[in-house]
Amino acid sequence: MALYSEKVMDHFRNPRNVGIIEDADGIGEVGNAKCGDIMKMYLKIENDIVTDVKFETFGCGSAIASSSMATELIKGKPIDEVMQLTNKAVAEALDGLPDYKMHCSVLAEEAIQAALNDYFSKKKAAEG
Ligand code: FES
């Protein structure tokens, strides 16, 4: 079996939703201290739906593929569904990652959670 699935290679070579959202409603940045990789997620949220999402990843191929797949999984979804997204679901959608690369998909889960937390705290602050 090849080390990486075709889906991983596809999302690594042609990552979807790369970039930044200037007026994002939530931004989450996480890093992995061991490998030094960093992932940043930008969410646009309207009526509790993730209407747009973009990411920047300074990291390995699996991290890029994971963030790309994660953006596809959450775009257009209600935030309570997005909160449930696990790194396992991201890895499964990529047809699997090698065991020692699972932590790369964890970054995607954490970056999305961090962006949602940012959104919730901004919302709370705005509501006073
Ligand atoms: Fe660090 Fe993949 S090796 S995120």
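First things first, this report covers the structure right here in the doc.

Basis of the calculations
- Residues numbered from 1 in each chain as written.
- Predicted model: local features only at pLDDT ≥ 70, side-chain atom pairs only at ≥ 80, totals over all residues.
- Heavy atoms only, no water.
- Helix = DSSP H or I, 4+ residues; strand = E, 2+ residues; numbered from the N terminus.
- Buried < 20%, exposed > 50% of the residue type's maximum accessible area, 1.4 Å probe, protein only.
- Pairing = 2+ DSSP bridges.
- Axes fitted to C-alpha atoms, helices over the stretch in contact; angles between N-to-C directions.

**So, unusual backbone geometry**
Phi is positive for N17, close to 60°, though the residue is something other than glycine. Structurally, the position occupied by N17 is in the loop between α1 (6–13) and β1 (26–31). For N17, a relative accessible area of 15% corresponds to the buried category. Even without a glycine there, the phi angle at D48 is positive, about 65°. Topologically, D48 is positioned in the loop between β2 (38–46) and β3 (49–58). Judged by relative accessible area, which is 39%, D48 ranks as partly exposed.

**Comments concerning the sheet that holds β1**
Taken in spatial order, the three strands of this open sheet run β1-β2-β3, and their pairing is antiparallel. On the outer flanks of this sheet lie β1 and β3, each paired with one strand and no other. Taken over all neighbouring pairs, the strand axes of this sheet differ in orientation by 15° on average, direction set aside. With six bridges connecting them, β1 and β2 associate as antiparallel partners.

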